[in-house]
Amino acid sequence: GDVYKRQVSILFNCNGVYKNLTQYSNNQSYYNGKKNYVVNLGYSKEGRYRLQLSFEHRGFYSFDKLSLVDFSYENYKKNINHLKENALTEVSQQSNSINGKITLQQKKLLCLTIPYNDGWKIYVDGKESNLLKVNYMYSGVYLNPGKHDIRLEYCTPGLKLGICISGIGILIFMGIIVFQYKIDKRK
């Protein structure tokens, strides 16, 4: 009960490499709704054999799943080059849009290093598609095999509504001035 009312800080210690993770409760201003985390404990040529978790407060803690993943850097360059095989080409940028082309042999997720924002819309071959939030902060889209024209367009969220409200406000203000002028003229 009491644990959920405050933040939980976990210190990870893996052979002298320390990382801290803080999970805030939903009644705190820093709460972000995240429930899954990845903690990178770095690379070691000699290997690591012990992981220690330390909690800031005494209590009972439970995890739905806790996994240790070991990633080999043996094929790192090959894997990076494999990821680079499918990238946007003929990229052009205008004030509020980005265009590019891509050819794929199989269905893939195109990750764009454009921060995800509700103002972006993505068009694949002229048709609006579902823009995804990728890697916690970037934009992306699933693409089928083939050649594709990609277009991203940005419009500040609320801009059109703000312009309409401002226009209505100006018209009302002008109406008040005209009304006041007519009243003053009659006197």
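Every residue gets a number counted from 1 within its own chain, in the order that chain's sequence is written. Per-residue local features of the predicted model are confined to residues with pLDDT of at least 70, and side-chain atom pairs are confined, for both listing and counting, to 80 or more; whole-chain, interface and lining totals are unaffected and use all residues. For side-chain calculations, the full set of non-hydrogen atoms in the structure is used, while hydrogens and water are omitted.

Secondary structure elements are taken from DSSP: a helix is a run of H or I of four residues or more, a strand is a run of E of two residues or more, and numbering for both begins at the N terminus. Across its full length, the protein chain holds two helices and eleven strands. Starting at the N terminus and ending at the C terminus, the protein chain contains elements arranged as β-β-β-α-β-β-β-β-β-β-β-β-α. Atoms counted for the radius of gyration: C-alpha only. Globule rule: 2.2 Å times the number of residues to the power 0.38. Taken against the 2.2 N^0.38 rule, which gives 16 Å for 187 residues, the C-alpha radius of gyration of the protein chain at 27 Å runs more than 25% over that of a compact globule. With the principal axes as the frame, the protein chain shows a C-alpha extent of 90 × 55 × 25 Å. Counting every position in the protein chain, which comprises 187 residues, the buried fraction comes to 18%. Taking contacts inside the protein chain between residues at least 6 apart in sequence as the whole, the part at least 24 apart equals 54%. Under the convention used here, Asp and Glu are negative, Lys and Arg are positive, and both His and the chain ends fall outside the count. Working definition for charges: the position is that of NZ of Lys, CZ of Arg, CG of Asp or CD of Glu. Here the protein chain carries 26 positive and 14 negative side-chain charges, and the mean point of each set is 5 Å from the other. The classification of residues rests on relative accessible area computed with a 1.4 Å probe and restricted to protein chains. Under 20% of the type maximum is buried, over 50% is exposed, and intermediate values are partly exposed. In this description, contact between two residues means that some pair of their heavy atoms is separated by no more than 4.5 Å.

Let us look at the sheet that holds strand β10 (residues 138-143). For sheets, the rule is that strands pair by backbone hydrogen bonds, running either parallel or antiparallel. Between any two strands, at least two bridges found by DSSP are needed for them to pair. Here three strands make up an open sheet; going across it, the order is β6-β10-β9 and the pairing antiparallel. A single partner strand is all that each edge strand has here, and the edge strands are β6 (108-115) and β9 (132-134). Ignoring strand direction, the axes of neighbouring strands in this sheet form an average angle of 40°. Pairing of β6 with β10 involves six bridges; the strand directions are antiparallel. Directly across from Cys 111, in β10, lies its bridge partner Gly 140. Note on geometry: axes are C-alpha line fits, over the in-contact stretch for helices, and angles between N-to-C directions span 0 to 180 degrees.

Here we come to the pattern of salt bridges. Pairing between side chains becomes possible if they bear opposite charge and their charged atoms approach one another. Here, a salt bridge means any side-chain nitrogen of Lys or Arg that lies within 4 Å of a carboxyl oxygen of Asp or Glu. With the rule as written, the count across this model stands at three salt bridges. Close ionic contact of Lys 101 with Asp 149 constitutes a salt bridge, the shortest N to O distance being 2.6 Å. With a gap of 48 residues between them, Lys 101 in strand β5 (residues 97-104) and Asp 149 in strand β11 (residues 146-154) connect regions that are remote in the sequence. For Asp 149, a relative accessible area of 40% corresponds to the partly exposed category. The salt bridge partner of Lys 121 is Glu 128, with a shortest N-O separation of 3.8 Å.

Once that is clear, we can look at the packing of aromatic side chains. Pairing of aromatic rings covers Phe, Tyr and the six-membered ring of Trp, with a centre-to-centre limit of 6.5 Å; geometry is then stacked below 30 degrees between planes, edge-to-face above 60, and tilted otherwise. Here the structure, examined in full by the defined rule, presents one aromatic pair. By the criterion adopted, a ring carries a charge over it if an Arg CZ or a Lys NZ lies within 6 Å of its centre and within 35 degrees of its normal. The lysine or arginine in question, Lys 107, covers the ring of Tyr 142, its NZ or CZ lying 5.7 Å from the ring centre.

We now examine the confidence of the model for the protein chain. Regions with low pLDDT should not have their predicted coordinates read in detail. Per residue, pLDDT captures the predictor's confidence, and it can take any value from 0 to 100. Per-residue pLDDT for the protein chain has a mean of 84; in total, 96% of the residues score no lower than 70. Confidence, expressed as mean pLDDT per element, reaches its minimum in the protein chain at strand β1 (residues 8-14) with 74 and its maximum at strand β7 (residues 120-124) with 95.

We now examine the environment of Val 39. Relative to the helices and strands, Val 39 is located in the loop between β2 (17-23) and β3 (52-55). According to the relative accessible area criterion, Val 39 is partly exposed, its value standing at 27%. Spatially, the C-alpha atoms of Val 39 and Thr 89 are 34 Å apart, while their sequence positions differ by 50 residues.

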